[in-house]
Each structure stands twice: as structure tokens, then as C-alpha cells.
Amino acid sequence: MTAWLFGFLATLALVSALGVILQRNPVHSLMALIVTLLVTAVFFIALGAVTIGFLQAIIYAGAIMVLFLFVIWLLNIQAEEREAGHLALKSFGALAAAALVAELLAIAGRAPAPEAAVKPSPAYGTIATLAAALFSHYLIAFEATSLLLLVAIVGAVALARRMPRRRSTAASPAAASVSATGQDVSAPEVSRRAASA
Amino acid sequence: MVPISYVFGLSAALFGIGVCGVLVRRNIIVMIMSIELMLNAANLAFVALGRSLGSTDGQVIVFFVITVAAAEAAVGLAIVISIFRSRETANADEFNLMRW
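Every chain is numbered on its own, with residues counted from 1 as its sequence reads. Key to labels: chains lettered from A, ligands numbered from 1, both in the order written. The predicted nature of this model means local features are confined to residues of pLDDT at least 70 and side-chain atom pairs, given and counted, to a pLDDT of 80 or more, with totals for whole chains, interfaces and linings taken over all residues. As a rule here, side-chain values come from all non-hydrogen atoms in the structure, and water together with hydrogens is ignored.

## Things to note about the overall build of chain B
This is how it is decided: A helix here means a DSSP run of H or I that spans at least four residues, while a strand means a run of E at least two residues long, and both kinds are numbered starting from the N terminus. For the radius of gyration, the atom set is restricted to C-alpha positions; the globular benchmark scales as 2.2 Å times the number of residues to the power 0.38. The buried label goes to any residue with under 20% of its type's maximum accessible area, the exposed label to any with over 50%, and the partly exposed label to all in between, with areas taken from a 1.4 Å probe on protein chains only. Note on contacts: a residue pair qualifies if any of its non-hydrogen atoms lie within 4.5 Å across the two residues. Exposure was quantified through the Shrake-Rupley algorithm and a 1.4 Å probe, taking into account, for residues, occlusion by the shown protein chains and nothing else. The convention is simple: Lys and Arg are positive, Asp and Glu are negative, and His and the chain ends are not counted. Positions of charges follow a simple convention, taking NZ of Lys, CZ of Arg, CG of Asp or CD of Glu.
Assigned secondary structure in chain B consists of three helices and zero strands. If you list the helices and strands of chain B from N to C, you get α-α-α. By the compact-globule yardstick of 13 Å for 100 residues, chain B is too spread out, its C-alpha radius of gyration being 17 Å. Its C-alpha atoms put chain B at 50 × 25 × 25 Å along the principal axes. When the 100 residues of chain B are sorted by exposure, 61% land in the buried category. By sequence separation, contacts in chain B at least 24 residues apart represent 57% of the contacts at least 6 residues apart. When the accessible area of chain B is evaluated, it comes to approximately 4000 Å², of which 67% is carbon and sulfur surface. The centroid of the 6 positive side-chain charges in chain B is displaced by 4 Å from the centroid of its 6 negative side-chain charges.

Right under this line is the structure:
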């Protein structure tokens, strides 16, 4: 990766990451986050981790972000209004984040560079190399991951399930409001038709 | 090939932006997105370090991080939906049910 290409991609990643936290509409934030994830996938591929780069693009930028989009649409979240309060709190948060970045940059600058750039083998980053590591040295962690996913599926369904008791109480006001608005819409329409006639 | 410390610097900046998003924004969904941003920055550091050491372990850890992020997003968004049913808002300041 040449220097100017790195600069271009890093600028793109930083600008889109800033877009995630600066956009007021959650859908726009999500689009900026997808750009950041895709640029990171390009970085992974450029660093030799080809399989992980494609997994990032497919799973992270594809599946997980679609999940976010579904939730935003399901809850019908609109762009939030500009909040007047919490200005001191927000500036403190930004200052704390800037301090953290300065600290991390100092650590990254002080880190001893590797003795010499290790020349990676031709098989570095291929799916065979990754699978060999996953199913030998990391086998127990891999199986624990499958258990984690199962628990997450059951937990998500149990959390998002509507409780039967609450549904019976919530359904009747909703139906009542629908019928009320239906009457409200129809009544002026009828009078308007009567007036035009 | 650019020096590996440049990639670390980019990773640190992305992580800081994620921290800033969690601290500054009050929309719960954008806060979860900022958490994903931080996980992503850590992934970048893992891959860069694995490349500089010629080791596959960094990529394996990134694989696990992506899996855990999927589980975290599913459970977190389920919690958001569950709270939204009763509170009708996505503002984190309104979630005070467990406040002492």
C-alpha cells in the first residue's frame, strides 16, 4: 500500500467515522458507519488478511448493519432535535475522548517497531490458514462461540417478544385510536362532500 | 508499505471517535453504532499487529470479535426494542427505570 493510498483511505475512514457521530438522522449515521466498515475491510485486505476482509464486508457491513437498519425502521426513529442542554457534559466528553486519543497516539509512537518486517508466507491470510488455526489451537473458543450465538439468539427473541399480558392491554387502545382517527378523517370528508354537493 | 505505527494511529483515532460518540450522543442506537466503531478500531490494530509479526492469531481474534459483535448487536437492539415499547423514545436520558 503506497503512502498516498493509505492517506486517502485513512481520510475517508476518519471522515465517515466523524459522520457517524455528527449526523442527526440515525439512518445517515448508519450509512457513514457502513462506509467506515468497508474502508476497514479494504485495510484488512491490504494488510494481507484477505479472508477477514471479506468476512468483514459480508457479515459486518452486510448482515449486522441490515439489522440496525431494520430496528431503525421498526421503531420509526426520526432525526432528533438539537438539544440545548448538556453542553458542559458534551464538551467534557469530547475533551476526554481527545485525551484518550492523545494517550493512544503516544503509546503507538513509543511502541518498539518489530526488528524487521517479517515477510509473510504466500499462504498468509488465506481461508486455509485461518481454518487451520481455528480448528486446532482455538477449537474450544470456537465451540464456545457457537454456544454464545445460540444464547444470543434465544435472548434476543425472549427480549423482543411482546408479553401476552401487555399485548391484550396495548391492543385495545391501539384499536380504539385507529377507529377514532378513522372517524375523525371520515367526518370532515363527509361534511366536505356535503358542502360541495 | 506504510509503517505499522501509521495504522496504529488511525486505529487510535477511530477508537477515540467511537468513545466521543458514546459520551456525546444520547440516541441509544447511535451509541451502539459508536460501540461498533470502537470494536472495528480494535480489529484494525489486531490485524496490523498480526501482519507485522507474521502471525495468524490476530486474524483469529478479529474473527471472534466479529462474532461477539453480532451477538452484542442482536441482544442490544432487542433491549432497545423492548425499552422503546414502554418508553416510546430512543433517548438514553429517559431510561431511568434502574436509577438508584
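## Topic: the interface of chain A and chain B
To be explicit about the condition: Throughout, buried area stands for the accessible area (probe radius 1.4 Å) lost by two parts on being put together, summed over both. By definition here, a salt bridge exists when the distance from a side-chain nitrogen of Lys or Arg to a carboxyl oxygen of Asp or Glu is within 4 Å. Whenever a nitrogen or oxygen atom comes within 3.5 Å of another N or O atom, the pair is scored as a polar contact, on the condition that within protein one atom can donate a hydrogen and the other can accept it, and that pairs from neighbouring residues in sequence are kept only if both atoms are in side chains. Charged residues are taken to be Asp, Glu, Lys and Arg, nonpolar residues to be Ala, Val, Leu, Ile, Met, Phe, Trp, Tyr, Cys and Pro, and polar residues to be all remaining types, Gly included.
Each side of the interface is counted separately: chain A has 73 residues, and chain B has 68 residues. Carbon and sulfur atoms make up 78% of the surface buried where chain A meets chain B, a total of about 6300 Å² over both sides. Inspection of the region where chain A meets chain B yields zero salt bridges. Our count for the chain A to chain B interface comes out at twelve residue pairs in polar contact (both at pLDDT 80 or more). Elements with a minimum of two residues in the side of chain A that touches chain B: α1 (3–22), α2 (26–46), α3 (50–75), α4 (87–110), α5 (127–134) and α6 (139–160) of chain A. A per-class count over the side of chain A that touches chain B returns 55 nonpolar, eleven polar and seven charged.

## What to know about the side chain of B:Arg25
Among the secondary structure elements, B:Arg25 is positioned in the loop between α1 (4–24) and α2 (28–53). From its side chain, B:Arg25 meets the backbone oxygen of A:Ile21 in a polar contact 3.1 Å long. A polar contact of 2.7 Å, which involves the side chain of B:Arg25, links it to the backbone oxygen of A:Gln23. Sequence-distant contacts of B:Arg25, that is, excluding residues within four places in its chain, are made with A:Val20, A:Ile21, A:Leu22, A:Gln23, A:Arg24, A:Ser29, A:Glu80, B:Cys20, B:Val30 and B:Met31.

## Brief notes about unusual backbone geometry
Residues and elements named next belong to chain A. With a phi angle near 55°, asparagine 76 is a residue other than glycine that sits in the positive phi range. Here asparagine 76 is to be found in the loop between α3 and α4. With a relative accessible area of 55%, asparagine 76 lands in the exposed category.

## Focus on the packing of aromatic side chains
Short version of the rule: Only rings of Phe, Tyr and Trp enter the pairing, Trp through its six-membered ring, and a pair is recorded when the two centres are within 6.5 Å. The plane angle decides the type: under 30 degrees is stacked, over 60 is edge-to-face, the rest tilted.
Under the definition given, this model contains six aromatic pairs over all chains. For the pair A:Phe142 and B:Phe63, a centre-to-centre distance of 6.2 Å together with 20° between the ring planes defines the contact as stacked. Of this pair, A:Phe142 sits in helix α6 while B:Phe63 sits in helix α3 (residues 57–87), on two different chains. Given the relative accessible area of 22%, A:Phe142 is considered partly exposed. The rings of A:Phe135, A:Tyr138, A:Phe142, B:Phe63 and B:Phe64 are connected pair by pair, giving a single aromatic cluster.

## So, the domain arrangement of chain A
Residue and element names in this part refer to chain A. Rule in force here: For the domains described, the bounds stem from an automatic or database domain assignment.
Taken domain by domain, chain A consists of domain 1 (1–79) and domain 2 (125–159). For domain 1 versus domain 2, the distance between C-alpha centres works out to 23 Å. At the junction of the two partners, domain 1 supplies five residues and domain 2 supplies four residues. Each partner contributes to the roughly 270 Å² buried at the junction of domain 1 and domain 2, and carbon and sulfur atoms together form 64% of this total. Broken down residue by residue, the surface that domain 1 buries against domain 2 is led by Gly48, Thr51 and Ile52, which jointly contribute 86%. Put simply, domain 1 and domain 2 have zero salt bridges between them.

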